[in-house]
Amino acid sequence: MDALCRAEPRPRRPAAASPLPWARFSAWLDCVCVVTFDLELGQAMEVRGRPACSAFCPVKSDQATPGKNLVYPYDFRLTEKEKTSICYLSFPDSYSGGLGDTQFSFRLRQSGGQRTTHYEDDGEYNREAPLTLQRESAHYFGYVYFRQVKDSSMKRGYFQKSLVLVSRLPYVNLFQSLLQLIAPEYFDKLEPCLEAVCNEIDQWPPPVPGQTLNLPVMGVVIQVRIPSRVDKPGSSPVKQFNQENLLPAPLVLPSIHELDLFRCFQPVLIHIQMLWELMLLGEPIVVMAPSPTVSSEMVLALTSCLAPLRYCCDYRPYFTIHDSEFKEYTTRTQAPPNLVVGVTNPFFIKTLQHWPHILRVGELRMSGDLPKQVKVKKLTKLKTLDTKPGIYTSYKTFLHKDKTLIKRLLKGIQRKRPSEVQSALLRRHLLELTQSFIIPLEHYIASLMPLQRAITPWKNPPQIRPFRQDDFMKTLEHAGPQLTCVLKGDWLGLYRRFFRSPNFDGWYRQRHKEMTQKLEALHLEAICEANIVAWMKDKSEVEIVDLVLKLREKLVRARCQHLPVKEETLRRVGLYIETVIDSLPEDLQAVLHHH
């Protein structure tokens, strides 16, 4: 492993001695809420049953009064639109509701502009986390534990309630595991239990990329490692530590976010190539499933199959006809959006039949043999009521199928290989496929960076050369994906189509931003190495003052944008500025010091 991969996470700023109430909680979750079924209102936020006066409440106790929605923190404000969406997305619809407990996830567009939060983060987490695990700025994730059981004491004859964790972090494994611990207990003991759990979460350390954390809740310690941007893609999580000091032994989660890919993809394994291409190209896809669990897992599995490339389109793991974006997604007056949407209501077969790719799946059941594989069918075969499992599309893949992968997975089934081993094999295949596709792009964009010797201290840094698609295509003959991937097919056609997708735009913007910041950092280092006194000898006062202002602007930008510059470099540039100011007449010195 290279030095970059071995690098330890940078030391963090020390946490405040006594953080504000809810600050640590808000590093993980935005809020926790309860959704119940009201005979008059339908799905509705649970109403608080009693005053909750405790040291944990960060607002006056008279604000936590009966009649208010049961939401923690008490002062967290959801808009009415968000409340309505959360209520509908937290229940399976009437077509897929069975008795018992169900877990699933959804993703919700934030409405009402920027929100104040108890958690103060200057962007450090997003700079150090992998792109695929960054904190969302415009969406919430909802993690749901729904219980439906017969209960003669209820007017409707059923107990129907959902406990929902709302977060901006895509930690599906961690939060669903947390729900498995707290939801059954909450349904038995209700409000006091939920407040106690939130109190415990408010003691957790913040999620720091590269660190292994122990998270105590309800007598259990969950141990997780937060992935870092410097981790080698596809590497196994670092061995957990400090277990010998923990009694009882911790609940170790191998991953905070990775799903069991083999279980999710089992009915479509022979089409994994096609699905990878559709996701790479940002194509509109509908996943029709029998339950929100299958729907949300399939959508999240699809969005994860491009890692380490970030999926830059929108996705909705579970979607209902009551959603505020329903009209936007079902209109026929414009092309379907770049979106993967998971649905369970058969009504969508009619309203979304103009979409180009529809994946219909049944219940996911693990068996001792290769599950029955769905077939690729024409969109005209879609039937409004009795639609059989299949991939309904006219899409023709650019690359040929990898029969070797299927054979290896089949061998694993015959040898009763554990599902996590099969998933690791599948994830490795998808990772290598994505890397084979992206490495030529990375090499080409790196060649657009100006040479270091072209960066001089007293001129603006040179521009990054433009990305020319034709020039890139010429590099593929000698440095294309065929060097690292055995798959044959029309790689050139796939790249041309990729250039028109939001995923290319997102990848290019991110790389261009990183390269621009690198140029700024190199320019500051060049200034540090220069002889500033010699430069000033034949310069007018106007030119020197202009230099001071420009250097100051560079320093401010370097700190605000957290450019990859050593602290020593920034310190030396600061000293340079002072040296230059001291060489000027006193009246100018006073103006510049004041400025």
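Residues numbered from 1 in each chain as written. Predicted model: local features only at pLDDT ≥ 70, side-chain atom pairs only at ≥ 80, totals over all residues. Heavy atoms only, no water.

### Re the overall build of the protein
Across its full length, the protein carries 20 helices and 15 strands. In the protein, which comprises 595 residues, the share counted as buried stands at 50%. Of all intrachain contacts in the protein linking residues separated by at least 6 positions in sequence, the fraction that spans at least 24 positions is 73%. Accessible surface, the protein as shown: approximately 29,600 Å² in total, 53% of it carbon and sulfur. (Helix = DSSP H or I, 4+ residues; strand = E, 2+ residues; numbered from the N terminus. Buried < 20%, exposed > 50% of the residue type's maximum accessible area, 1.4 Å probe, protein only. Contact = heavy atoms within 4.5 Å. Areas by Shrake-Rupley, 256 points an atom, 1.4 Å probe, with all protein chains shown as cover.)

### Notes on the sheet that holds strand β7 (residues 212-217)
Spatially, three strands are ordered β7-β8-β9 in an open sheet, and the strand pairing comes out mixed. Strand pairing shows two members of the sheet lacking a second neighbour, β7 and β9 (251-252), which therefore form its edges. Packing against the sheet, helix α5 (residues 172-189) makes contact with β7, β8 (220-225) and β9, and its axis sits at approximately 175° to β8. (Pairing = 2+ DSSP bridges. Axes fitted to C-alpha atoms, helices over the stretch in contact; angles between N-to-C directions.)

### Structural notes on the confidence of the model for the protein
Looking at the protein, the pLDDT average stands at 84 and 86% of residues meet or exceed 70. Every residue in residues 50-66 is under pLDDT 50, and counting partners more than four places away or in other chains gives 32 contacts. Per-residue pLDDT stays below 50 along residues 238-244; that stretch engages in 12 contacts with residues further than four places along the chain or on separate chains. (pLDDT = per-residue confidence, 0-100.)

### Notes on the packing of aromatic side chains
Using the criterion set out here, one finds 35 aromatic pairs in the structure. With a centroid separation of 5.6 Å and 55° between ring planes, the pair formed by Y186 and F187 is classed as tilted. Just as Y186 is buried, F187 falls in that class too. Pairwise contacts between aromatic rings join W276, F437, Y444, F467, F472, Y495, F498, F499, F504, W507 and Y508 into one cluster. Lying across the ring of Y315, R107 places its NZ or CZ 4.2 Å from the centre. (Phe/Tyr/Trp six-rings, centres within 6.5 Å; stacked < 30°, edge-to-face > 60°. Lys NZ or Arg CZ within 6 Å of the ring centre and 35° of its normal.)

### Points about the sheet that holds strand β11 (residues 314-316)
Overall, mixed pairing links the six strands, which are arranged β11-β12-β10-β13-β15-β14 in an open sheet. Of all strands in the sheet, those bounded by a partner on one side alone are β11 and β14 (376-377). Here β11 pairs with strand β12 (residues 339-343) via three bridges, running parallel. Paired with Y315 across the bridge in β12 is V340. Seen against the sheet, helix α8 (residues 272-280) touches β10 (285-288), β12, β13 (357-360), β14 and β15 (390-393) and runs at an angle of roughly 45° to β15.

### Section: the pairing of β15
On β15, burial covers both faces: G390 and Y392 on one face and I391 and T393 on the other are all buried. Inspection of the sheet shows β13 paired to β15 by four bridges, in the antiparallel sense. Its bridge partner lying in β15, H357 is registered against T393. Here two bridges tie β14 to β15, and the two strands are oriented parallel to one another. When the sheet's bridge partners are listed, K377 is paired in β15 with Y392.

### So, the environment of T484
Position of T484 relative to the elements: it lies in the loop between α14 (469-479) and α15 (491-498). Each C-alpha atom of the pair T484 and I439 lies 9.3 Å from the other, and the pair is 45 residues apart in sequence.

### Concerning α8
Think of an α-helix as turning once every 3.6 residues; residues three or four places apart then point the same way. Summarising burial for α8: nine of the nine residues are buried, a large majority. I272, Q273, M274, L275, W276, E277, L278, M279 and L280 are the residues of α8 that are buried. Just beyond α8, the residue with positive phi is G282, at close to 65°.

### So, the packing of helix α16 (residues 502-529) against helix α19 (residues 567-582)
Direction vectors running N to C along α16 and α19 enclose 55°, while the axes themselves pass 9 Å from each other. By the angle class used here, α16 and α19 are oblique. Crossing of α16 against α19: the hand is left-handed. Between α16, through L524, E525, I527, C528 and E529, and α19, the contact on the second element is made entirely by T569, L570, R572, V573 and Y576. (Parallel < 35°, antiparallel > 145°, perpendicular 65-115°, else oblique. Left-handed = near helix turned anticlockwise from the far one by under 90°.)

### Concerning the pattern of salt bridges
The tally for this structure, following the rule as stated, stands at 26 salt bridges. The closest approach of N and O atoms between E514 and R229, which form a salt bridge, is 3.8 Å. In this pair, E514 is assigned in helix α16 and R229 in the loop between β8 and β9, connecting sequence segments 285 residues apart. Here E514 falls in the partly exposed class, since its relative accessible area comes to 29%. The shortest N-O distance in the salt bridge between K550 and D546 comes to 3.4 Å. (Salt bridge = Lys/Arg side-chain N within 4 Å of Asp/Glu carboxyl O.)

### Notes on the side chain of T330
On the secondary structure map, T330 appears in helix α10 (residues 326-330). Engagement of the side chain of T330 in a polar contact is seen with the backbone oxygen of F326, the distance being 2.7 Å. Residues contacting T330, with those up to four places away along its chain left out, are T351, L352 and H354. (Polar contact = N/O pair within 3.5 Å; in protein donor to acceptor, adjacent residues only side chain to side chain.)

### Some words on the packing of helix α18 (residues 541-560) against α19
At a minimum axis distance of 10 Å, the contact between α18 and α19 shows a crossing angle of 155°. Of the possible angle classes, the one that applies to α18 and α19 is roughly antiparallel. Relative to α19, α18 is oriented so that their crossing is left-handed. Across the interface between the two elements, I544, L547, V548, L551, R552, L555, A558 and R559 of α18 pack against E567, L570, V573, G574, I577, V580 and I581 of α19. For the contact of α18 with α19, the class distribution of residues is 11 nonpolar, one polar and three charged. (Nonpolar A, V, L, I, M, F, W, Y, C, P; charged D, E, K, R; others polar.)

### Focus on the environment of E514
Considered as a pair, E514 and L563 are 49 residues apart in the sequence and their alpha carbons are 9.0 Å apart. Side-chain polar atoms of E514 contact the side chain of R511, separated by 3.1 Å.

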